[in-house]
Amino acid sequence: MQRIRLGRSDLDVTPVCLGTMTFGEQVDEPTAHAILDRAVERGVDFIDTAEMYAVPARAETCGATETIIGNWLGKRPDLRHRIVLATKVAGPARGMPWSRPGKGMTAQDIVASCEGSLRRLKVDVIDLYQIHWPERHVPVFGQQYYDPAQERSQTSIHEQLEALGRLVCEGKVRHIGLSNETPYGVHEFVRLAEQHGLPRIATVQNVFCLVSRALENGLDETMHRLDVSLLAYSPLGFGLLTGKYDAGGFEGADARNGRIARYESVRKQRWGRPEALAAARRYNQLARDHGMTPTRMALAWCYTKWQVASTIIGVTSVAQLDEDLDAWRTKLSPEVLAEIDRIRWEIRDPAH
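Being a predicted model, the structure only gives us computed values, none of them experimental. (Residues numbered from 1 in each chain as written. Predicted model: local features only at pLDDT ≥ 70, side-chain atom pairs only at ≥ 80, totals over all residues. Heavy atoms only, no water.)

Whenever I open this one, the overall build of the chain confuses me. Can you help?
The secondary structure content of the chain amounts to 12 helices and 10 strands. Relative to the 2.2 N^0.38 estimate, which gives 20 Å for 352 residues, the radius of gyration of the chain is 19 Å and therefore close to what a compact globule would have. Projected onto the principal axes, the alpha-carbon positions of the chain cover approximately 55 × 50 × 40 Å. Sequence-distant contacts in the chain: of pairs separated by 6 or more residues, those separated by 24 or more amount to 76%. Here the chain displays about 14,600 Å² of accessible surface, and carbon together with sulfur accounts for 50% of that area. Distance from the positive charge centre (44 side chains) to the negative charge centre (45 side chains) of the chain: 1 Å. (Helix = DSSP H or I, 4+ residues; strand = E, 2+ residues; numbered from the N terminus. Rg over C-alpha atoms; globule rule 2.2 N^0.38 Å. Contact = heavy atoms within 4.5 Å. Areas by Shrake-Rupley, 256 points an atom, 1.4 Å probe, with all protein chains shown as cover. Lys, Arg positive; Asp, Glu negative; His and termini not counted. Charge placed at Lys NZ, Arg CZ, Asp CG, Glu CD.)

See the structure below:
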């Protein structure tokens, strides 16, 4: 794989990133370490995690994923200089009171979270430190509309940037990014950074997959013009685009170990919508009609989109990791791409 420069930073990463939110919930520590070892063996050196992981989020597993990665790095000290390590500070507690004591996300919260992540990861510096979701009350994780009446913001973007800037100056963070952001948020973070000489965001990590393409309706232009790189998460739509739910839905035999089937909290989110499953079935059948597995087509689509700098893949086994990486060189024909766009025209983005 060629290396990709993230934004205007000096971070060069592989165009496939290993996401780790299953580590500590669906994936035990020995299996997680085997997956990490295999990823490095196959050339992937970009790892993404978050302080609130594992997912689904529970008080008992908050921070577990970072601890698992820290234990892995602790046993392999020679690997740290080869790995680009990204993690995230949780935004205001959205039904997760254990993740944040107050209702906002103060500068002190950001600093305390970073120090906690450094301890769990057993590292001196985080290569890419991201705000997991906005402190502002914006529609994320499947919410559809922005409602000004719900705004309860307590910490300005300027204050957040100043806190992140202090972490950079102290050598605890190399570069910063955002996640689950809007065009306004991206513009404002860049504007304030340039106006006040503060760190400039290098990346935005947002959902981007066949059943959730809303990023292409404005945010992609924002990021392109501001030279901010996209880290695309959930390219397989939480498993919808693997085909495992096609035959029996979320109750079928093939779905038992899937995240949507296994966790009621996930089924209540965007991925569990009947419309999302119906859309996924159409894309998955298109893949089969053209001699591909659904997984290969969905990943190939994401891997080759001009908007994407690096695609974050989440797996629960070494076999899944190999399957996802084997899809890297797949090129979709103009006919398949046209049919994908035709389906999207009809059904839009049911998992947005």
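How do you make sense of the packing of helix 2 (residues 64-75) against helix 3 (residues 107-121) when you look at a structure like this?
Each pair of packed helices gets described by two things: the angle between the helix axes and the distance between those axes. Two numbers describe how helix 2 lies on helix 3: the axes approach to 7 Å, and their chain directions differ by 45°. On the basis of the axis angle, helix 2 is oblique to helix 3. Here helix 2 contributes Glu66, Thr67, Ile69, Gly70 and Leu73 to the contact with helix 3, which in turn contributes Ser117, Arg120 and Leu121. In terms of residue class, the contact of helix 2 with helix 3 is made up of 3 nonpolar, 3 polar and 2 charged. (Axes fitted to C-alpha atoms, helices over the stretch in contact; angles between N-to-C directions. Parallel < 35°, antiparallel > 145°, perpendicular 65-115°, else oblique. Nonpolar A, V, L, I, M, F, W, Y, C, P; charged D, E, K, R; others polar.)

Before we go on, may I ask you to explain the pairing of strand 9 (residues 229-233) in this structure?
Of all 5 residues in strand 9, 5 are buried, a share of seventy percent or more. Pairing between strand 8 (residues 201-207) and strand 9: 5 bridges, direction parallel. Residue pairing in the sheet places Val204 in a bridge with Leu230 of strand 9. With respect to chirality, the unit in which strand 8 leads through helix 6 (residues 219-226) into the neighbouring parallel strand 9 is right-handed. (Buried < 20%, exposed > 50% of the residue type's maximum accessible area, 1.4 Å probe, protein only. Pairing = 2+ DSSP bridges. Right-handed = clockwise from strand over helix to strand, strands pointing away.)

I would appreciate a short explanation of the side chain of Ser310 in the present structure.
Summarising the element assignment, Ser310 is placed in strand 10 (residues 308-314). You can call Ser310 buried: its relative accessible area is 0%. Excluding residues that lie within four positions of it along the chain, Ser310 makes contacts with Thr14, Pro15, Val16, Cys17, Phe46, Leu230, Leu231 and Ala232.

Sorry, what's going on with the pairing of strand 6 (residues 126-131) here?
Along any regular strand, the residues point their side chains to alternate faces of the sheet. Buried residues dominate strand 6, accounting for 6 of its 6 residues. Alignment of strand 5 (residues 84-89) against strand 6, held across 4 bridges, turns out to be parallel. Looking across to strand 6, one finds that Ala86 is bridged to Leu128. Assessed by its sense of winding, the connection that carries the chain from strand 5 through helix 3 to strand 6 is right-handed. Note that strand 6 and strand 7 (residues 173-179) share 5 bridges and pair parallel. By the bridge assignment for strand 7, Gln130 is matched with Gly177.

How should helix 2 be read in this particular structure?
In a regular helix each residue adds 1.5 Å, so 12 residues correspond to 16 Å; helix 2 covers 17 Å between its end C-alpha atoms and thus fits that length. Listing the buried residues of helix 2 in full gives Thr65, Glu66, Ile68, Ile69, Gly70, Asn71, Trp72 and Leu73. Buried residues along helix 2 sit against helix 1 (29-41), strand 4 (46-48), strand 5 and helix 3. (Expected span 1.5 Å × (residues − 1).)

Teacher, can you tell me more about the sheet that holds strand 4 here?
Paired through backbone hydrogen bonds, the strands of a sheet run either parallel or antiparallel to each other. Spatial strand order, 3-4-5-6-7-8-9-10: 8 strands in a closed barrel with parallel pairing. Here the average twist between neighbouring strands, direction ignored, is 30°. In the sheet, strand 3 (residues 16-19) pairs with strand 4 via 2 bridges, with the strands oriented parallel. The partner of Leu18 across the bridge, within strand 4, is Ile47.

Please clarify how unusual backbone geometry should be interpreted in this entry.
Peptide bonds are, in most cases, trans, and in most cases residues other than glycine have a negative phi. Geometrically, the link from Val55 to Pro56 is a cis peptide bond, its omega value of 0° lying close to zero. Positive phi, normally seen in glycine, also occurs at Asp227, with a value near 60°. Structurally, Asp227 is set in the loop between helix 6 and strand 9.

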